[in-house]
Amino acid sequence: MLLKVVDGKFDAIEHYNPEIVPESVQFIDLSHCTIMPPLVDSHVHLFMSGTIDKRTREWQLIAGYDELRPVIGQHLHYLFSHGVLAARDGGDRGGFALRYRSEKEMHKGIVLKVAGRAWHQKGRYGTLIGRYPGESENLAEAYAKENDAIDQVKLVNSGLNSLKMFGRETQPQFTREEVADLVAAAELQGRKVMVHANGRQPVRLAVEAGCHSIEHGFFMGRENFELMAEKGTFWVPTLFTMKAYGANISNAQDGADRQVIDRNLNHQIQQLAMAKELGVKVAMGTDAGSLGVLHGESMVEEMKLFKKAGYSLSETVQCATSRGAELLGLDDFGLLTKGNRATFLISRGSPAQLPRKLSYLEGIFVDGQPSTLYHKNPVKHVN
């Protein structure tokens, strides 16, 4: 195939005929490589590192912006070097990722969408990534006071998954009406609402209220998948988080049971297969920053689990690229097609070597040019 690039965009994609390529045109031979769209991680937390060191994880939960600033920058570098050129941050307690995006050192090669600080109910899970409405205001009223330049709204509508009791579900944090009012208020400002929700009822209320994506979605059940398919609600399943817990069980919560963790993961893989069967829109996200979930390289691990759930390589790549771009509202990103930005990844070898080869890319092109932010083995230019 011949990819023609003009002014940083794909001008044409057609079959290659060496006899009709003008000598005056700069030609780059990538015939030994696989070309694919940039990866999109639809769920990260840039303020956390994924380290298994307990002291470091505890420090990250109390550190201030000045302390976390270099940490966020490093995580963006890790994302880019693994081909993740767009990411959606799911929130932190101080809006640190939002603040970093406006800094001069913000990574120039990554499109970052931020939620700022998430919303949760007072006394319920969510303190580490956000805040709760005041005593005399409801959720929509609290959001109306929001003046941060966020891209999407993050809502927490359940608790965490238990690592001790298989299938334990928690009650919703907000009512259907409260979530619906928030969604309506967000949509008036052109924003989508992403909802952390596990369990049948928390997911059901969020989907019925019109949320745009369910994050995690463990133990949500077939009826919720059918409703999500009907409404076009996205799902970001974050499977690798559970596998990482199992691999680092000694650093997980006290009393964590390896058998429960394995069952949680297997059930989520089964749910992913069900989502495929029912036609649910699935975008890939890693929840990078969780225990053992490293920024960038965890996308490869997430892709492996998609394939285990029965997704073909092309379907897996679609969830890791164009589906994420659609969820993030990136119209000219995530597909190698005429008119889109000529931003793509170069992986040495055939597609059959994916996703493993994504861990050590041959190169990255941004807007038609080899990125100076990623330098490994420079590709050969032929004039």
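S.K.: Just to check I follow, could you spell out the sheet that holds strand E4 (residues 33–36) for this structure?
M.R.: Backbone-to-backbone hydrogen bonds join strands into a sheet, with any given pair of strands oriented parallel or antiparallel. If you trace the 4 strands from one edge of the open sheet to the other, you get E4-E15-E16-E17, paired in antiparallel fashion. Each edge of the open sheet is held by one strand with a lone partner, namely E4 and strand E17 (369–370). Summarising the sheet, strand E15 (residues 344–348) and strand E16 (residues 363–366) pair through 3 bridges and their orientation is antiparallel. Bridge pairing links Phe344 to Phe365 in E16.

S.K.: Is there a simple way to think about the side chain of Asp92 in this case?
M.R.: As for its placement among the helices and strands, Asp92 is situated in the loop between strand E6 (84–89) and helix H3 (96–101). Buried Asp92, no salt bridge; nearest opposite-charge side chain is Arg93, N-O distance 6.3 Å. Within the local environment of Asp92, its side chain forms a polar contact with the backbone nitrogen of Ala97, the two atoms lying 3.1 Å apart. Non-local contacts of Asp92, meaning those with residues more than four positions away in its chain, are made with Phe47, Ala97, Gly116, Arg117, Leu128, Ile129 and Gly130.

S.K.: Please explain the nonpolar core as it appears in this structure.
M.R.: The nonpolar side chains of a soluble globular protein tend to be buried with one another. Core analysis: the largest hydrophobic core is formed by 100 residues, its most contacted members being Leu39, Leu155, Ile214, Trp235, Val282 and Leu358. Considering each element in turn, this core owes the most residues, 7 residues, to helix H2 (residues 65–81). Those residues in contact with Leu155 that lie beyond four places of it in its chain are Trp119, Leu139, Phe174, Val179, Leu182, Val193, Met194, Val195 and His196. Leu30, Cys33, Ala342 and Phe344 belong to the second largest nonpolar core, which has 7 residues in total.

S.K.: How should unusual backbone geometry be read in this particular structure?
M.R.: Only a minority of non-glycine residues have a phi that is not negative, and only a minority of peptide bonds are not trans. Note the cis peptide between Leu354 and Pro355, where omega equals 0°. Along the chain, Pro355 falls in the loop between E15 and E16. Located in the positive-phi region is Phe219, a residue other than glycine, with phi close to 55°. In this structure, Phe219 sits in the loop between strand E12 (213–216) and helix H7 (222–231). Not every positive phi belongs to a glycine, and Asp367 is a case in point at roughly 50°. By relative accessible area, which is 33% here, Asp367 ends up partly exposed.

Calculation rules
- Residues numbered from 1 in each chain as written.
- Predicted model: local features only at pLDDT ≥ 70, side-chain atom pairs only at ≥ 80, totals over all residues.
- Heavy atoms only, no water.
- Pairing = 2+ DSSP bridges.
- Helix = DSSP H or I, 4+ residues; strand = E, 2+ residues; numbered from the N terminus.
- Buried < 20%, exposed > 50% of the residue type's maximum accessible area, 1.4 Å probe, protein only.
- Lys, Arg positive; Asp, Glu negative; His and termini not counted.
- Salt bridge = Lys/Arg side-chain N within 4 Å of Asp/Glu carboxyl O.
- Polar contact = N/O pair within 3.5 Å; in protein donor to acceptor, adjacent residues only side chain to side chain.
- Contact = heavy atoms within 4.5 Å.
- Core = buried A, V, L, I, M, F, W, Y, C linked by side-chain atoms within 4.5 Å.

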